[in-house]
Amino acid sequence: MLVCMNEQDTAPCVLLLGGTTEASRMARALAGAGVAGVFSYAGRTDTPLPQPMPTRIGGFGGVEGLADYLRAEAVTHVIDATHPFAVQMSRNAVTACTQTGIPLLALERPPWVPQAGDDWQNLPSQEAALAALPMAPARVFLAIGKQGVAAFAARPEHHYLLRLVDPPAAPPPLPNAEIVLARGPFTLADDLALLRGYGIELIIAKNAGGEGARAKLDAARALGLRVLMIERPTPPTRQVAANVEDALSWLAHSARLGV
Ligand code: 3Y8
Ligand code: NAP
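Residue positions are counted from 1 within each chain, in the order its sequence is given. Chains carry letters from A onward and ligands carry numbers from 1 onward, assigned in written order. Owing to the predicted nature of the model, reporting of local features is limited to residues with pLDDT of at least 70; listing and counting of side-chain atom pairs is limited to 80 or more, with chain, interface and lining totals taken over all residues. Each side-chain value is derived from all of the structure's non-hydrogen atoms; neither hydrogens nor water enter the calculation.

1. Quick word on the overall build of the chain
Now for step 1: Only DSSP runs of H or I reaching four residues or more are called helices, and only runs of E reaching two or more are called strands; each is numbered from the N terminus. A count of helical and extended segments in the chain gives seven helices and twelve strands.
Now for step 2: Note on method: radius of gyration uses C-alpha positions; expected globular size equals 2.2 Å times residues raised to 0.38. For the chain, the C-alpha radius of gyration of 20 Å lies close to 18 Å, the compact-globule estimate for 259 residues.
Now for step 3: With respect to the three principal axes, the spread of C-alpha positions in the chain is 65 × 40 × 30 Å.
Now for step 4: Throughout, exposure labels follow a simple rule: accessible area from a 1.4 Å probe, protein chains only, divided by the maximum for the residue type, with under 20% read as buried, over 50% as exposed, and the rest as partly exposed. Residues classed as buried in the chain amount to 46% of the 259 residues present.
Now for step 5: Note on definitions: a residue-residue contact is assigned when non-hydrogen atoms from the two residues lie within 4.5 Å. Excluding contacts between residues fewer than 6 apart, the proportion of contacts in the chain whose partners are at least 24 apart in sequence is 66%.
Now for step 6: Exposure was quantified through the Shrake-Rupley algorithm and a 1.4 Å probe, taking into account, for residues, occlusion by the shown protein chains and nothing else. Entry remark: accessible area of the chain is about 12,300 Å², with carbon and sulfur atoms responsible for 57%.
Now for step 7: In the chain, which carries 21 positive and 23 negative side-chain charges, the distance between the mean positions of the two groups comes to 2 Å. Neither His nor the chain ends is counted toward charge; the positive residues are Lys and Arg and the negative residues Asp and Glu. A charged residue contributes its charge at one atom only: NZ of Lys, CZ of Arg, CG of Asp or CD of Glu.

Encoded structure:
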């Protein structure tokens, strides 16, 4: 799918690495500004949100695959708007853009910080969150998606509520688990009802930041529930913008300079 104009054309052509609320907002801004480009999903979900720009789905095949893609598609700029926990993609983007000399910008949202009334325990990893579970059986909202669930089979005594985007291919290896299928962004009313409805006593969450997943934290505060908050992995060093407007300015400035 050759979306970018041929090499003679100097107009920018952006590869937008997506999968977050900010990426969807960035796609609308690029399409609105008439900027050529490709939106990229990893293919983690069955029916990802349609985007207002040409879209590719699936991995690139590591750093080399991404570098080959950038050259073959004559991409002029990469904007990495992936999730803060999608750290492998972000690392590959830094390496491939360094190899190809293509400018890269990360569109990164700040982490959530606890507010008055929050009862958080910050943990460096999912394994640490597992170890921090109470000894006595508890009703736990495991709000980390599907990729990390299997590890909690080590603590089968708890009752888990899982929120997944798609139905799992097989039942999770947890004897006491219930599944709700929902695609965010979520609202406070929905998450209050969910926590009350399932009698949740404890939440395990990733420090994703942004607005799409924060409702459960506001609901936890209102209900006085403890949150085991998994801190995000350290991203690679790269240029970062915190919002779409700054990303558009970066693109305009960088394109004018012809870099
Ligand atoms: C495939 C694209 C948009 C993007 C919306 C955001 C908000 C809703 C909240 C909870 C937490 C979780 C999870 C979550 C949220 C947004 C955003 C965000 C968290 C979609 C999407 C893709 C994915 C992948 C999916 C992961 C999972 C993580 C569920 C689309 C809907 C838990 C992360 O079933 C699976 O395999 C799900 C896998 C990676 C984490 C995991 O490890 O399981 N996101 N989520 C992207 C791709 O293929 O490239 O299908 O439309 C996007 C969104 N998910 O445009 O509005 O921006 O963060 N996604 C977390 O943050 O904790 C849910 O339930 O409270
Ligand atoms: P990851 O662990 O960082 O990446 C693993 C591999 O998945 C990458 O090396 C790449 O494969 C492929 N990949 C990841 N994002 C891609 C993208 N946008 N386009 C094309 N290929 C991609 O990623 P992840 O944590 O599984 O996240 C996958 C997707 O879900 C991302 O789009 C992310 O933004 C979204 N998401 C993730 C979370 C989360 O909690 N992790 C939350 C919300 C949304 P190759 O090496 O083959 O190129």
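2. So, the side chain of Arg-214
Now for step 1: Its place among the elements puts Arg-214 in the loop between strand 10 (202-206) and helix 6 (215-223).
Now for step 2: Two N or O atoms count as a polar contact when they lie within 3.5 Å, although within protein this holds only if one can serve as hydrogen donor and the other as acceptor, and sequence-adjacent residues are included solely when both atoms are side-chain atoms. At 3.2 Å, the side chain of Arg-214 forms a polar contact with the side chain of Asp-218.

3. Remarks on the site of ligand 2
Now for step 1: Being near a molecule or strand, for a residue, means having at least one of its heavy atoms within 4 Å of it. Close to ligand 2 lie 22 residues; Gly-18, Ser-40, Phe-60, Ala-86 and Lys-206 are nearest.
Now for step 2: Within the contact set of ligand 2, an oxygen atom lies 2.8 Å away from a side-chain nitrogen or oxygen of Arg-44.
Now for step 3: Gly-58 is positioned such that a nitrogen or oxygen atom in its backbone is 3.4 Å from a nitrogen atom of ligand 2.
Now for step 4: Considered on its own, ligand 2 offers 810 Å² of accessible surface; in the complex 79% of this is hidden by protein.
Now for step 5: Among the elements of the structure, strand 2 (36-41) and helix 3 (87-100) are those that each provide at least two residues to the shell around ligand 2.
Now for step 6: Looking at which element gives the most residues to the shell around ligand 2, the answer is helix 3, with four residues.
Now for step 7: Within the shell around ligand 2, the residues separate by chemical class into seven nonpolar, twelve polar and three charged. Classification convention: Asp, Glu, Lys, Arg as charged; Ala, Val, Leu, Ile, Met, Phe, Trp, Tyr, Cys, Pro as nonpolar; all other residues, Gly among them, as polar.

4. Regarding the sheet that holds strand 10
Now for step 1: Strand pairing follows a simple DSSP-based rule, namely that at least 2 bridges must link the two strands. Strand order across the open sheet formed by six strands is 6-11-10-7-8-9, with parallel pairing between neighbours. The sheet is open, and its two borders are formed by strand 6 (119-123) and strand 9 (177-181), each paired with just one other strand. Averaged over all neighbouring strand pairs, the angle between strand axes comes to 20°, with direction disregarded.
Now for step 2: In the sheet, strand 7 (residues 139-143) pairs with strand 8 (residues 159-164) via four bridges, with the strands oriented parallel. What sits directly across from Arg-139, in strand 8, is His-159.
Now for step 3: Each of strand 6, strand 7, strand 8, strand 10 and strand 11 (226-230) is contacted by helix 6, which is oriented at about 150° to strand 10, the strand it contacts most. Note on definitions: angles span 0 to 180 degrees between N-to-C directions of axes, and those axes are lines fitted to C-alpha atoms, for helices only across the stretch in contact.

5. Looking at the pairing of strand 2
Now for step 1: Of all the six residues making up strand 2, five are buried; the element is thus mostly covered by neighbouring parts of the structure.
Now for step 2: Here strand 1 (residues 13-17) runs beside strand 2; their pairing, made up of five bridges, is parallel. Of the residues in strand 2, the one forming a bridge with Leu-16 is Phe-39.
Now for step 3: Orient the strands so they point away from the viewer; a crossover is then right-handed if the path from the first strand over the helix to the second runs clockwise. Each parallel crossover has a hand, and the one from strand 1 via helix 1 (residues 21-32) to strand 2 is right-handed.

6. Focus: the sheet that holds strand 4 (residues 77-80)
Whether parallel or antiparallel, the strands of a sheet pair through hydrogen bonds between backbone atoms.
Now for step 1: With parallel pairing, the six strands of this open sheet are ordered in space as 3-2-1-4-5-12. Every other strand in the sheet has two partners, leaving strand 3 (55-57) and strand 12 (240-241) as the edge strands with one partner each.
Now for step 2: In this sheet, strand 12 lies alongside strand 5 (residues 104-107) in parallel orientation, the contact comprising two bridges. Opposite Ala-106, over in strand 12, you have Val-240 as the bridge partner.

7. A look at the site of ligand 1
Now for step 1: Thr-21, Ser-24, Ala-42, Thr-45 and Arg-183 are the nearest of the 29 residues found near ligand 1.
Now for step 2: Between ligand 1 and the protein, one listed contact pairs an oxygen atom with a side-chain N or O atom of Arg-109 at 2.8 Å.
Now for step 3: For ligand 1, an oxygen atom lies 2.7 Å from a polar atom in the backbone of Lys-146.
Now for step 4: Considering ligand 1 on its own, with 1,100 Å² of exposed area, one finds that the protein chains cover 93% of that surface.
Now for step 5: Looking at the shell around ligand 1, its residues break down into eleven nonpolar, eleven polar and seven charged.

8. Some words on the state of the cysteines
Now for step 1: Criterion for a disulfide: a pair of cysteine sulfur atoms within 2.5 Å. A full pass over the atoms with the stated rule returns one disulfide.
Now for step 2: Disulfide partner of Cys-4: Cys-13, at an S-S distance of 1.8 Å. Disulfide Cys-4-Cys-13: torsion about the S-S bond near -75°, hence left-handed. Taken as a pair, Cys-4 and Cys-13 share a single burial class, namely buried.
Now for step 3: With no disulfide of its own, Cys-97 has Cys-4 as its nearest cysteine by sulfur position, at a separation of 13 Å.

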